[in-house]
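# Geometric and topological summary
Spelled out, the chains give:
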Amino acid sequence: ALPPILDARISSDGALVAFVWNSELYVVPTDCSSAPLRLTSGSADAAVTNGLADYVAQEEMGRYEGYWISPDSQLVAFEQVDESGVPEFRIMHQGSDKVGEGAQEDHHYPFAGAANPLVKLGVVG
């Protein structure tokens, strides 16, 4: 199955829709004049994402956005998160009809005193 589109948002001037797909940031004109354009790269490693807020930002700072479109839609600032140094934690779905892989999820979880994700900010246009 294809990965879902995440955090789709329309720019403030209405010119673009931006979204994250397969851990990369994309934009597409709202007038459908061109195909979606990938703005970022480098997420081939499953521990790297572009355009998504990291767990610490979401849980500790209440920030759920991982990208920001300029008012004129010419630039997009984004966060790149590398969780490769963060240990994984398995979540079991109790009472799930599924078994095995379908009844569990593995997530990088920054335990107290352990490594946090590495975060970089970038701007693309």
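Residues numbered from 1 in each chain as written. Predicted model: local features only at pLDDT ≥ 70, side-chain atom pairs only at ≥ 80, totals over all residues. Heavy atoms only, no water.

On to the overall build of the protein chain. Looking only at helices and strands, the protein chain has one helix and 10 strands in total. The buried share among the 125 residues of the protein chain stands at 32%. Once local pairs closer than 6 in sequence are excluded, the contacts in the protein chain between residues at least 24 apart make up 46%. Total accessible area on the protein chain is roughly 7,900 Å²; 56% of this is exposed by carbon and sulfur atoms. Across the protein chain, 6 positive and 18 negative side-chain charges occur, with their mean positions spaced 3 Å apart. (Helix = DSSP H or I, 4+ residues; strand = E, 2+ residues; numbered from the N terminus. Buried < 20%, exposed > 50% of the residue type's maximum accessible area, 1.4 Å probe, protein only. Contact = heavy atoms within 4.5 Å. Areas by Shrake-Rupley, 256 points an atom, 1.4 Å probe, with all protein chains shown as cover. Lys, Arg positive; Asp, Glu negative; His and termini not counted. Charge placed at Lys NZ, Arg CZ, Asp CG, Glu CD.)

The next point concerns a nonpolar patch on the surface. On the surface, Tyr55, Phe89, Ile91, Tyr109 and Phe111 cluster together into a nonpolar patch covering about 410 Å² of accessible area. Mapping phenylalanine 89 onto the fold places it in strand β8 (residues 88-92). (Patch = residues over 30% accessible without salt bridge, like charges linked within 9 Å, V, L, I, M, F, W, Y side chains within 5 Å. Salt bridge = Lys/Arg side-chain N within 4 Å of Asp/Glu carboxyl O.)

Our focus in this paragraph is the environment of threonine 30. You can see threonine 30 is positioned in the loop between β3 (24-29) and β4 (37-38). Residue threonine 30 is classed as partly exposed on the basis of its relative accessible area of 37%. Separated by 76 residues in the primary sequence, threonine 30 and aspartate 106 place their C-alpha atoms 35 Å from one another. Not counting the four nearest positions on each side in its chain, threonine 30 is found in contact with Gly14, Ala15, Leu16 and Val17.

In this section: the sheet that holds β3. Spatially, four strands are ordered β1-β2-β3-β4 in an open sheet, and the strand pairing comes out antiparallel. Two strands bound the open sheet, and with one partner strand each, they are β1 (5-10) and β4. Of the pairings in the sheet, the one linking β1 to strand β2 (residues 16-21) comprises four bridges and is antiparallel in character. Its bridge partner lying in β2, leucine 6 is registered against valine 20. (Pairing = 2+ DSSP bridges.)

What follows covers the nonpolar core. In this structure, Leu16, Ala18, Val20, Leu25, Val27, Leu39, Tyr67, Ile69, Val76, Phe78 and Val124 together form the largest nonpolar core, which totals 11 residues. Those elements that provide at least two residues to this core are β2, β3, β6 (67-69) and β7 (76-82). For this core, the leading source of residues is β2, giving three residues. The residues contacting leucine 25, other than those within four sequence positions of it, are Phe19, Val20, Leu37, Arg38, Leu39, Thr40, Asn50, Tyr67, Val76 and Phe78. (Core = buried A, V, L, I, M, F, W, Y, C linked by side-chain atoms within 4.5 Å.)

Close approach of charged atoms allows side chains of opposite charge to pair. All told, the structure shown has three salt bridges when counted by the stated rule. Salt-bridge contacts for aspartate 7 lead to arginine 9; the nearest nitrogen and oxygen are separated by 3.0 Å. Relative accessible area serves as the criterion here: at 29%, aspartate 7 is assigned to the partly exposed category. By relative accessible area, which is 26% here, arginine 9 ends up partly exposed. Measuring nitrogen to oxygen at the nearest pair gives 2.7 Å for the salt bridge that ties arginine 63 to glutamate 79. In this pair, arginine 63 is assigned in the loop between α1 (55-61) and β6 and glutamate 79 in strand β7, connecting sequence segments 16 residues apart. On the basis of relative accessible area, arginine 63 is assigned to the partly exposed category, the value being 22%. Residue glutamate 79 is classed as buried on the basis of its relative accessible area, which comes to 1%.

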